[in-house]
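Given next are the chains, with one letter for each unit.
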Amino acid sequence: EKKRHMGDTKHFCPVSLKENFVLYPGLSEHAAKYQEKIYYFSTSENRDKFLENPEDYVAHKEPLQAPPLRVCLLGTHGSGKTTCARWVADKIGLFHIQFEEYLQEIMIRKTKKKVGPDFDEEPEEDDSKIAALSQELGDFSLTMTKTKIEPEHESENKREEEIELTEEEEAIKANLVENEALPPEVLDNIVLDWWKKEPFRSTGFILDGFPRTVDEALYLSERGLCPDVAVYIQVEENDILDRLLPSRMKKWREKHYKKVETKKKLKDLKAKIRV
């Protein structure tokens with residue numbers, strides 16, 4: 001049999017390469033012949049688009065440039081994927097994109113703080129009690145405590161009330177706080193840039209922690225955003241506990257100590273009022 005002469009992009013779709021800078025495998029049922037060469041396309045629409053203006057998609061004076069490396073690095077929380085991603089990105093000169101941290105950066109621009117279960121502080125309900133007791137006692141030093149606690153608490157609430165989030169920011173907050181799925185239109189404003197805009201387009205990246213769900217993986221497939229490599233880091237549960245438990249325990253101890261101190265202040269104030 002005569003050897004088939006494939007086009008410049010071999011078995012990859014030339015339209016996907018030209019328009020999205022993605023090596024998307026073509027299918028034999030969507031093949032077309034141009035200048036005695038066979039080209040394969042990812043969809044019949046791309047094939048028709050190629051046949052309308054084939055010169056827009058073929059090499060001329062120099063070979064077509066292949067896209068840079070794009071990696072999706074996945075793993076459960078505490079698996080060490082961010083540490084690995086930073087190391088790999090530094091070694092081979094890729095951008096490191098930590099997906100959840102990127103979402104937090106969007107929220108910080110508006111809220112000035114991170115959101116989510118790991119960052120939400122427990123409501124300080126006893127602060128107002130301390131302030132009220134301080135006022136009742138009439139002690140100057142305790143009134144100063146009231147001045148220190150109450151306005152700060154009120155200003156925080158006021159700041160939170162004044163912040164108006166856009167629909168996109170509300171969706172991102174719901175994702176970070178309650179793990180609700182991000183709508184495709186929100187992902188379009190975030191993810192597409194990494195494949196289609198500079199400097200990511202020509203440099204490549206390692207995407208840390210995305211896709212996280214089946215729906216997000218389907219989103220990438222539907223948009224034709226193909227990573228060259230997808231790596232899943234599997235770690236024993238005991239190793240994850242050893243990494244995460246000490247910091248979580250430290251945070252719990254700090255909150256517990258603060259709660260004990262607050263109760264002690266309340267008890268002392270009530271005792272002074274009784275006297």
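Structure: above.
Worth saying up front: this structure is predicted, and the values here are computed from it rather than measured.

Cut-off values and rules
Residues numbered from 1 in each chain as written. Predicted model: local features only at pLDDT ≥ 70, side-chain atom pairs only at ≥ 80, totals over all residues. Heavy atoms only, no water. Phe/Tyr/Trp six-rings, centres within 6.5 Å; stacked < 30°, edge-to-face > 60°. Helix = DSSP H or I, 4+ residues; strand = E, 2+ residues; numbered from the N terminus. Buried < 20%, exposed > 50% of the residue type's maximum accessible area, 1.4 Å probe, protein only. Expected span 1.5 Å × (residues − 1). Contact = heavy atoms within 4.5 Å. Pairing = 2+ DSSP bridges. Arc of directions from axis to C-beta. Polar contact = N/O pair within 3.5 Å; in protein donor to acceptor, adjacent residues only side chain to side chain. Salt bridge = Lys/Arg side-chain N within 4 Å of Asp/Glu carboxyl O. Patch = residues over 30% accessible without salt bridge, like charges linked within 9 Å, V, L, I, M, F, W, Y side chains within 5 Å. Areas by Shrake-Rupley, 256 points an atom, 1.4 Å probe, with all protein chains shown as cover. Lys, Arg positive; Asp, Glu negative; His and termini not counted. Charge placed at Lys NZ, Arg CZ, Asp CG, Glu CD. Core = buried A, V, L, I, M, F, W, Y, C linked by side-chain atoms within 4.5 Å.

Taken as a whole and assessed by the stated rule, the structure comprises nine aromatic pairs. Here Y34 and F50 contribute two aromatic rings whose centre-to-centre distance is 6.0 Å and whose plane-to-plane angle is 90 degrees, an arrangement assigned as edge-to-face. In this pair, Y34 sits in strand β1 (residues 27-34) while F50 sits in helix α2 (residues 44-52), placing the two residues 16 residues apart along the sequence. When sorted by exposure, Y34 lands in the same class as F50, which is buried. Ring centres 6.1 Å apart and planes at 40 degrees place the aromatic pair F50 and Y57 in the tilted group. Taken individually, F50 and Y57 each receive the classification buried, so the pair is uniform in this respect. Three or more aromatic residues joined by ring pairs make a cluster, and in this case those are Y34, Y39, F41, F50 and Y57.

This part covers helix α7 (residues 167-178). Every α-helix winds through 3.6 residues per turn, so residues three or four apart in the chain are directed the same way. Along its twelve residues, α7 runs 16 Å from first to last C-alpha, staying within 8% of the 16 Å computed at 1.5 Å per residue. Packed against the buried residues of α7 are α4 (99-111) and α8 (184-190).

Strand direction decides the pairing type here: β1 and strand β2 (residues 37-41), joined by five bridges, are antiparallel. Across the sheet, K33 pairs through a bridge with I38, a residue of β2. Taking the residues that link successive antiparallel strands as the turn, the β1-β2 hairpin has two residues, and the phi of Q35 there is positive, at about 50 degrees.

On to the pairing of strand β5 (residues 205-208), then. Going residue by residue along β5, you find F205 and L207 tucked away on one face and I206 and D208 tucked away on the opposite face as well. One ladder, built from four bridges, connects strand β3 (residues 70-75) with β5; its direction is parallel. Bridged to V71 within β5 is I206. The pairing of strand β4 (residues 95-98) with β5 spans four bridges and is parallel. When the sheet's bridge partners are listed, I97 is paired in β5 with L207.

Residue E198 is joined to P199 through a cis peptide bond whose omega torsion reads 5 degrees. The topology assignment puts P199 in the loop between α9 (192-196) and α10 (200-203). Along the chain, F210 connects to P211 via a cis peptide bond; the corresponding omega equals 0 degrees. Locating P211 in the fold gives a position in the loop between β5 and α11 (214-222). Residue K10 is not a glycine yet carries a positive backbone phi of 55 degrees. One can find K10 in the segment before α1 (14-20).

This part is about α4. With 13 residues, α4 extends 18 Å between its outermost C-alpha atoms, agreeing within 8% with the 18 Å of an ideal straight helix rising 1.5 Å per residue. Of the residues making up α4, those classed as buried are F99, L103, Q104, I106, M107 and T111. End-on view of α4: buried residues confined to an arc of 155 degrees, all on one side of the axis. In this structure, the buried residues of α4 make contact with β4, α7, α8, α9 and β5. Its side-chain oxygen placed 3.3 Å from the backbone nitrogen of E100, Q98 serves as the N-cap of α4.

Next up on the list: the pattern of salt bridges. If you walk through the whole model with that rule in mind, you get eight salt bridges. When the shortest N-O distance is used, the salt bridge between E36 and K33 registers 3.5 Å. Residue E101 is joined to K114 by a salt bridge in which the shortest nitrogen-to-oxygen separation is 3.0 Å. A residue pair is termed long-range when its members are at least 10 positions apart, and E101 in helix α4 and K114 in the loop between α4 and α5 (125-137) qualify at 13 residues. Among the residues examined, E101 registers a relative accessible area of 30% and is labelled partly exposed.

Taken together, the side chains of E236, E237, D239 and D242 make up a negatively charged region of the molecular surface. With respect to the element layout, D242 can be found in helix α12 (residues 237-274). Residue D242 is classed as exposed on the basis of its relative accessible area of 57%.

Let us look at the nonpolar core. Membership of the largest hydrophobic core comes to 26 residues, with the highest contact counts inside it found for F99, I172, I190, V191, W194, W195 and L207. Taken together, the elements giving at least two residues each to this core come down to α4, α7, α8, α9, β5 and α11. Per element, the largest residue contribution to this core is four residues, and it comes from α4. Those residues in contact with V191, other than ones at most four positions away along the chain, are F99, F210, Y219, L220 and L225. Judged by nonpolar contacts, the second largest core, of nine residues, contains C13, A32, Y57 and V58.

This is a description of form; function is not addressed.
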